[in-house]
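Residues per chain, in single letters:
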Amino acid sequence: MAINYDKWNKIEDYSSEENEDDIPLSYIKNSNEEKVGKLLTIPWDTQCEKVRWAMDLHQTKYVEYGYPYLLHIWYIIDKYSEPPPKPQITDVPILEFDSQVFTKGSTEIFTFLYSGALGSKLRIYSNPEALTHEKYFDENLAPAAKTIFYDMILPSNKLCEEIIFKSIHLKTWRSLYRLIWPIAKMNMKSLLGVRNKKIQDDAWEKVENTFKYADDLLAKSDGEFLLGKTMTAADITFAAHAIPILCPNTEEHIWFNENGIGIKCPPIKELPENLKSKVEAYRMRPSGAFAMKLYKNKRGKSSGSKPSRYAKENTPFWAQEFTLRRLVYGFFILCVLLAWFLVLTNPWYVSLIGYFVFSFLLIQFAVKPLKQSKYGRRITRIMFYFFNNNGKENIKHHQHCENCQCNHHHEKIDQSNKKDK
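Computed from a prediction, not measured in an experiment: that's the story for all the values here. (Residues numbered from 1 in each chain as written. Predicted model: local features only at pLDDT ≥ 70, side-chain atom pairs only at ≥ 80, totals over all residues. Heavy atoms only, no water.)

## Thoughts on the pairing of strand β2 (residues 62–66)
Spelled out, the test is: When accessible area is computed with a 1.4 Å probe and restricted to protein chains, residues below 20% of their type maximum are described as buried, those above 50% as exposed, and intermediate ones as partly exposed. Under the DSSP-based scheme used, a helix requires at least four consecutive residues in state H or I and a strand at least two consecutive residues in state E, with every element numbered from the N terminus. Criterion used throughout: strands pair if DSSP finds at least two bridges between them.
With burial as the criterion, only one face of β2 is covered, namely that bearing Y62, E64 and G66; the residues V63 and Y65 on the opposite face remain uncovered. For strand β1 (residues 37–41) and β2, the ladder comprises 5 bridges, and the chain directions are parallel. Bridge pairing in β2 links K38 to V63. Where β2 lies against strand β5 (residues 304–305), 2 bridges are found, and the strand directions are parallel. The residue bridging Y62 from the neighbouring strand is G304, located in β5.

## Remarks on empty space enclosed by the protein
What counts here: Here a cavity denotes a set of grid points, spaced 1 Å apart and computed over the protein atoms alone, in which a 1.4 Å probe fits but from which it cannot get out, and a pocket denotes an open set meeting protein on both sides within 12 Å along at least five of seven lines; residues with an atom within 4 Å of a point are reported as lining. Grid points are joined across faces, edges and corners, and a volume is the space filled by probe spheres set on the points. Domain start and end points were adopted from an automatic or database domain assignment. Polarity classes work like this: nonpolar for Ala, Val, Leu, Ile, Met, Phe, Trp, Tyr, Cys and Pro, charged for Asp, Glu, Lys and Arg, and polar for all others, with Gly in that last group.
Counted according to the given criterion, the structure contains 2 cavities of 30 Å³ or more. Surrounding the largest cavity, E64, Y65, G66, Y67, H169, L170, W173 and P307 form its lining. Per-domain counts for the lining of the largest cavity show at least three residues from each of domain 1 (37–116) and domain 2 (128–305). Around the second largest cavity, the lining residues are P43, E64, G66, S167, H169 and K306. Here the lining of the second largest cavity is composed, by residue class, of 1 nonpolar, 3 polar and 2 charged.

## Quick word on the packing of helix α3 (residues 46–57) against helix α6 (residues 129–153)
Between two packed helices, the angle of one axis relative to the other and the distance separating the axes together describe the packing. To be explicit about the condition: Simply put, an axis is a line fit to the C-alpha atoms, just over the touching stretch for a helix, and the angle between two N-to-C directions goes from 0 to 180 degrees. Here a residue-residue contact requires only that any non-hydrogen atoms of the pair lie within 4.5 Å.
Two elements in contact, α3 and α6, have axes whose closest approach is 11 Å; the angle formed by their N-to-C orientations is 145°. Here T46, Q47 and K50 of α3 come into contact with α6, specifically with E134, D138 and A142. Taken together, the residues that form the contact of α3 with α6 break down as 1 nonpolar, 2 polar and 3 charged.

What follows is the structure in structure tokens.
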């Protein structure tokens with residue numbers, strides 16, 4: 001009996017529609033549903049928001065460990081870095097998924113997501129130009145937005161409380177951050193140029209250039225996204241880094257999804273006077289309106305979760321609000337009072353001897369256990385990172401020889417070989 005193929009020939013050709021992007025067919029989601037990633041972030045960092053957004057779009061399950069800025073170094077430097085003099089890893093986001101660790105930034109994680117979702121209707125690198133534009137936004141808009149964000153938040157105690165401290169999920173980290181907050185705040189102000197007019201002007205100039213860059217891409221595009229009809233890594237990257245500039249928030253935007261966008265922003269009325277008009281102007285630009293549209297229609301809900309606040313290890317006795325500060329500051333005041341009592345009730349030479357004996361005993365008590373513990377190793381690596389410029393001085397003064405195995409030596413050999421040819 002012959003087979004009749006006529007009925008198959010009458011079936012219409014399949015064509016995808018744009019709205020199918022909302023239902024991704026992801027290998028990472030469908031083939032690894034039992035696997036859950038571990039994502040390390042700074043909650044209010046735009047690079048971390050960029051990765052959260054991509055993972056949520058791919059419906060990839062993950063547990064997010066959000067550590068506050070500066071304190072995040074304490075956790076990641078020992079676990080993900082090789083011993084000095086190798087450069088230490090101190091940047092987030094970092095992703096652990098299915099026995100793989102990604103520590104080289106958001107683009108590496110994007111590449112992993114894309115490679116695990118080749119059959120997906122999400123095509124974040126389907127256009128080769130997406131990687132070029134993503135790199136441009138990462139290198140220009142991200143640092144400028146970070147500088148502007150801290151200039152916007154740090155001068156206001158109210159905004160620091162609402163946006164920084166309330167974004168820290170675990171009480172342990174929040175209590176530790178309150179303890180070192182005066183030092184951390186001073187460091188951030190100095191490092192990021194808060195209230196420094198030249199640094200802020202340079203940041204806003206970079207923002208202007210990148211928004212113009214995005215405006216031009218939209219003008220050339222034949223679709224609703226930067227590179228056409230499909231959402232790519234360039235769209236996610238631009239929109240994520242633009243959050244501190246556009247300030248989407250629950251008060252002004254009823255569509256704002258607190259379970260989606262991981263960065264809290266203040267409403268315009270709470271901003272400093274010099275920033276109000278700028279935020280409004282950037283919202284009205286084509287690229288600004290485009291980003292706001294992405295927040296509303298494409299951000300979606302989070303596929304991630306966070307560690308339990310009620311787990312035993314996350315609820316030590318000192319992690320209650322202000323308790324740690326009272327313990328530490330109280331101990332410091334007690335030591336000062338005892339020192340003054342010793343000085344006032346004894347001759348100066350007795351006080352001096354007592355001071356040296358006490359210092360020696362304290363050092364012996366603290367340093368010996370530290371040397372043999374992970375805490376001492378972390379302290380050593382942090383000191384190497386800050387005081388040795390993360391090994392850059394070693395590279396600068398490195399003497400190259402014929403048997404040298406460093407990358408710089410191999411690059412020179414390659415260049416000489418090309419010249420010979």
